[in-house]
Amino acid sequence: MGAAGAGLIYLYAHRENLTEDALTQACRTADRLLQVGEETPDGLCWLMMVDMAFPFTAPNFAHGSAGVGYFLADLYQETADDRYLTAALGAAEYVASRTYAQEQGFLVCHTEEQKPPSTFYLGVCHGPAGTGRLMYLLAQITRDSRWMDWLQDNWAGLLSTGAPETRSNGLWQNLGQCCGDAGIGDYALFLYGATGNESYLAFARRIAAHITETRVVGGSGCCWEQAEHRGRPEFLEQQTGYMQGAAGIGSFLLHLDGVRKGKNPKIVMPDVPFVAVR
């Protein structure tokens, strides 16, 4: 819902020649983000809002520095403006400083206000499936292996939770693209496509098996009962949308089937770096 997300859409519009001023608007958005970024001893960070009414410092993708850094790194590819890449690297340094060791690898805290033992989300919004996108993009742009090493250690942290069969606090009864299984499964498929590592594909299949087992079958098809919000696990809904419903879950299953058939996804979102590097 924020400026970095809007900036990615401007970039998409520029690359698809949808409007003449799209890149100008993307740069204006980025310049404002550079103004409100906060320098810390560990790197550069952004709050979800500059006037947050309550403490909520999220390092990860949907509401935090990893997502802002991703937009700035992607914009660097179109402009070659070193200010944007420098800020993106600063965001990555900040995120890397907010890790907690697991049995294997590490995870990034959901928010800084949560002290260990923290709640570790696993999906796109606040987990490896989102934050790892920044590290992958930086690895491709800079050719610095440090960022892929970081991504792989973060992935090891995800595996150490026992997901998807074990439902940790950060992987409650949510199966969607944003916070749950479908987003993690698509991330595994992207990594498989990028690296050829069969372990990522095997994990995607485990995700698909869990999703299939938990579906609710009815006369008109199937759906999933899930809790969108971790704070209200008892509030279950059968949602239809992409980020939090059957459309996104079904899309992941189609993507997995496409891998089996040797077909690439026809629609790839602007925040997926595995096809974005120019």
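Refer to the structure presented above.
Small disclaimer: the values here were computed from a predicted structure and weren't measured.

Q: I keep staring at the packing of helix H1 (residues 3-15) against helix H3 (residues 65-79) and nothing clicks. Help me out?
A: Relative to each other, H1 and H3 sit at 25°, their axes nearing to 9 Å. Overall, the two elements H1 and H3 adopt an arrangement that is roughly parallel. In this structure, H1 crosses over H3, and the sense of that crossing is left-handed. Together, Ala4, Gly7, Leu8, Leu11, His14 and Arg15 of H1 and Gly67, Val68, Tyr70, Phe71, Asp74, Leu75, Gln77 and Glu78 of H3 make up the contact between the two elements. By residue class, the composition of the contact of H1 with H3 is seven nonpolar, four polar and three charged.

Q: Help me understand the state of the cysteines in this model?
A: Here a disulfide denotes one covalent bond, and it connects the sulfur atoms of two cysteines. Under the counting rule described, the total for this entry stands at zero disulfides. Lacking any disulfide linkage, Cys109 is separated from the closest cysteine sulfur, that of Cys45, by 12 Å. Looking at Cys109, the relative accessible area reads 2%, which means it is buried. Cys178 supplies the cysteine sulfur nearest to Cys179, a cysteine that is in no disulfide, at a spacing of 3.5 Å. Residue classification places Cys179 among the buried residues on the basis of a relative accessible area of 7%.

Parameters at a glance
- Residues numbered from 1 in each chain as written.
- Predicted model: local features only at pLDDT ≥ 70, side-chain atom pairs only at ≥ 80, totals over all residues.
- Heavy atoms only, no water.
- Axes fitted to C-alpha atoms, helices over the stretch in contact; angles between N-to-C directions.
- Helix = DSSP H or I, 4+ residues; strand = E, 2+ residues; numbered from the N terminus.
- Parallel < 35°, antiparallel > 145°, perpendicular 65-115°, else oblique.
- Left-handed = near helix turned anticlockwise from the far one by under 90°.
- Contact = heavy atoms within 4.5 Å.
- Nonpolar A, V, L, I, M, F, W, Y, C, P; charged D, E, K, R; others polar.
- Disulfide = S-S within 2.5 Å.
- Buried < 20%, exposed > 50% of the residue type's maximum accessible area, 1.4 Å probe, protein only.

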